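Structure assessment
So you can see what is in the structure, the chains are spelled out below.
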Amino acid sequence: LRCPDRNGEWSVGLYDCRKVVFGRTNSVWANPTLGLDCTEELIAYTDVWKHVVIIQVEDALILYIDGEFQGISFGDANCINPPVAQDQGTLFLGKYFTGVLDDVLIYDRALSSEEIQQLFAWEPCCVD
């Protein structure tokens, strides 16, 4: 288990070769891209849209990218003096991020894998 690196109570970031990471009291990371070294991954992920879904259900953190399950982590990471998550405060979207965020949706329930697939399959509403 890795210690979360977060601003505030929640974090979605790009770390280690631009892999998506979701953090709260723990963190869940995108699966490695098989067969690519870090330089190849950086090239592959530059200027590419990614559909990211993050879910918290009780003490579980779940991550989907482009409709595919990436991983799940449970409980608190074994960190020295981790900050206590209190589910209050400011919501940061895109802090320290260079790029574009689009269609941010927040639900009051966990989505099923079928619903995540449907969201991923949606056509964009506003194409330049």
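All of these numbers come straight from a predicted model, not from anything done at the bench. (Residues numbered from 1 in each chain as written. Predicted model: local features only at pLDDT ≥ 70, side-chain atom pairs only at ≥ 80, totals over all residues. Heavy atoms only, no water.)

1. Observations regarding the sheet that holds strand β4 (residues 52–57)
- Strand order in the open sheet formed by three strands is β4-β5-β6, and the pairing between neighbours is antiparallel. Two strands bound the open sheet, and with one partner strand each, they are β4 and β6 (68–74). When the angles between neighbouring strand axes are averaged without regard to direction, this sheet yields 15°.
- Bridge count between strand β5 (residues 60–65) and β6: six bridges; the pairing is antiparallel. (Pairing = 2+ DSSP bridges. Helix = DSSP H or I, 4+ residues; strand = E, 2+ residues; numbered from the N terminus. Axes fitted to C-alpha atoms, helices over the stretch in contact; angles between N-to-C directions.)

2. Topic: the pattern of salt bridges
- All told, the structure shown has two salt bridges when counted by the stated rule.
- E115 is the partner of R109 in a salt bridge, and the nearest nitrogen-oxygen pair spans 2.8 Å. (Salt bridge = Lys/Arg side-chain N within 4 Å of Asp/Glu carboxyl O.)

3. Description of a nonpolar patch on the surface
- Taken together, the side chains of L14, F97, L101, V104 and I106 define a hydrophobic patch exposed on the protein surface, amounting to about 480 Å² of accessible area.
- Of the residues examined, F97 reaches a relative accessible area of 34% and is grouped as partly exposed. (Patch = residues over 30% accessible without salt bridge, like charges linked within 9 Å, V, L, I, M, F, W, Y side chains within 5 Å. Areas by Shrake-Rupley, 256 points an atom, 1.4 Å probe, with all protein chains shown as cover. Buried < 20%, exposed > 50% of the residue type's maximum accessible area, 1.4 Å probe, protein only.)

4. Let's talk about the side chain of E41
- Positionally, E41 belongs in helix α1 (residues 38–45).
- By relative accessible area, E41 is classed as buried at 4%.
- Beyond its immediate sequence surroundings of up to four residues, E41 is in contact with C17, K19, T33 and L36. (Contact = heavy atoms within 4.5 Å.)

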